[in-house]
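# Architecture and fold: a report
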Amino acid sequence: MVRIRTSAYDEQREAILSRAARLFAERGYPATSMNQVAEAAGLSKSTLYHYYRDKYTLLVNIVEGHVSKLELLVDEVAGENLTAEQRLRELIRRFVEEYSGAQHAHRVLTEDVRFLEEADRERVVVKERRLVAGFAQAIQQLRPELDAASLSKPLTMLLFGMINWMFTWLRPDGGLNHEAMASVVADLFLGGVPAVRPPALVPLSTSS
């Protein structure tokens, strides 16, 4: 007979992932044991295995789950009737907001993705490329001529450089919260994009 999963079962799985993500972020994936995850989740080790068969499964679910949520945000914003600037601002706002509640999962993504097996890592990379494409398309809408100079993706990566590592220095008890910083990042980026000029192409040197 097929076992029907209840909402309580799914909630417990999410709670376990949250505890595991924190441990992986603080201790590192290799140094964290299933015993420690079970203790952090307030479960026996045998009960933990009822939800996740091993530590690697936890890692896959944390990383892929985090990227999938970000991918969904990109799709949601793309489906809204927004101008190019509004789309970029909304993408930045939603990503920073998501990061504010998923700092541990985001650290695991940035630091422990290297422990994924090739097939799992490639699946995550494909999702990450879709995130980049979503931002790059918004930049292309804002300044189409930059796409001709192949600058949409580099500008997207510069933007991610501002928001992806915010968790390393922004403190929740500080004077600025994530909502305020999202607005700052959007103003800084959108204020700078109009000033970007496609660089002159430098011819490749040839040896005689």
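A short tour of the structure in this document, coming up. Only a predicted model underlies this, so the values are computations on that prediction, with no experimental measurement involved.

## Describing the nonpolar core
- Counting residues in each nonpolar core, the largest one holds 60 residues, and the members touching the most others are Ile 16, Leu 58, Phe 95 and Phe 135.
- If one sorts the elements of this core by residue count, helix H4 (residues 55-78) sits on top with 11 residues.
- Every residue in contact with Phe 135, bar those within four places of it in the chain, is listed here: Val 74, Leu 88, Leu 91, Ile 92, Phe 95, Thr 156, Leu 159 and Phe 160.

## Structural notes on the packing of H4 against helix H7 (residues 118-142)
- Remark: H4 packs on H7, axes separated minimally by 9 Å, with the N-to-C direction vectors making an angle of 20°. With respect to each other, H4 and H7 are oriented roughly parallel. For the element pair H4 and H7, the recorded crossing hand is left-handed. On the side of H4, the interface is formed by Tyr 56, Val 60, Val 63, Glu 64, Val 67, Ser 68, Leu 70, Glu 71 and Val 74, while H7 contributes Asp 120, Arg 123, Val 124, Lys 127, Glu 128, Arg 130, Leu 131, Gly 134 and Phe 135.
- For the contact of H4 with H7, the class distribution of residues is nine nonpolar, two polar and seven charged.

## Topic: the side chain of His 66
- On the secondary structure map, His 66 appears in helix H4.
- For His 66, a relative accessible area of 3% corresponds to the buried category.
- For His 66, the residues in contact, after removing those within four places along its chain, are Tyr 99, Ala 102, Ala 105, His 106 and Leu 109.

## Things to note about the layout of surface pockets
- By volume, the largest pocket is sized at about 430 Å³.
- Every residue lining the largest pocket is counted, 19 residues in all, and those nearest its centre are Glu 14, Leu 17, Ser 18, Lys 69 and Ala 105.
- Elements with a contribution of two residues or more to the lining of the largest pocket: helix H1 (7-27), H4 and helix H6 (103-112).
- If you tally residues by element for the lining of the largest pocket, the top one is H4, at seven residues.
- Within the lining of the largest pocket, the residues separate by chemical class into six nonpolar, seven polar and six charged.
- Among the secondary structure elements, those contributing two or more residues to the lining of the second largest pocket are H4, helix H5 (84-100), H6, H7 and helix H9 (152-163).

Rules and cut-offs
- All residue numbers refer to positions counted from 1 along the written sequence of the respective chain.
- Only residues with pLDDT of at least 70 are given local features in this predicted model, and only at 80 or more are side-chain atom pairs given and counted; all residues enter the totals for whole chains, interfaces and linings.
- Note that water and hydrogens are dropped before the side-chain values are worked out from all heavy atoms of the structure.
- Only buried Ala, Val, Leu, Ile, Met, Phe, Trp, Tyr and Cys residues count toward a nonpolar core, and they belong to the same one when joined by side-chain atoms within 4.5 Å.
- Remark: exposure states derive from per-residue accessible area (1.4 Å probe, protein chains only) relative to the maximum for the residue type, with buried under 20%, exposed over 50%, and partly exposed in between.
- Helix numbers and strand numbers start at the N terminus; a helix is a DSSP run of H or I with at least 4 residues, a strand a run of E with at least 2.
- In what follows, residue pairs with any heavy atoms lying within 4.5 Å of each other are defined as contacts.
- Axes here refer to lines fitted to C-alpha atoms; in helices the fit is confined to the stretch in contact. Angles between the N-to-C directions go from 0 to 180 degrees.
- Here the word oblique covers every angle except those under 35 degrees (roughly parallel), over 145 (roughly antiparallel) and from 65 to 115 (roughly perpendicular).
- Take the far helix as the reference: if the near one is turned anticlockwise from it by less than a right angle, the crossing is left-handed, and if turned clockwise, right-handed.
- For this classification, Asp, Glu, Lys and Arg are treated as charged, while Ala, Val, Leu, Ile, Met, Phe, Trp, Tyr, Cys and Pro are nonpolar and the rest, including Gly, are polar.
- The definitions used throughout rest on a 1 Å grid laid over the protein atoms alone, on which a cavity is an enclosed set of points accommodating a 1.4 Å probe that cannot get out and a pocket is an open set flanked by protein within 12 Å on both sides along at least five of seven lines; lining residues are those having an atom within 4 Å of a point.
- Grid points are joined across faces, edges and corners, and a volume is the space filled by probe spheres set on the points.

Just distances and angles here, no functional claims.
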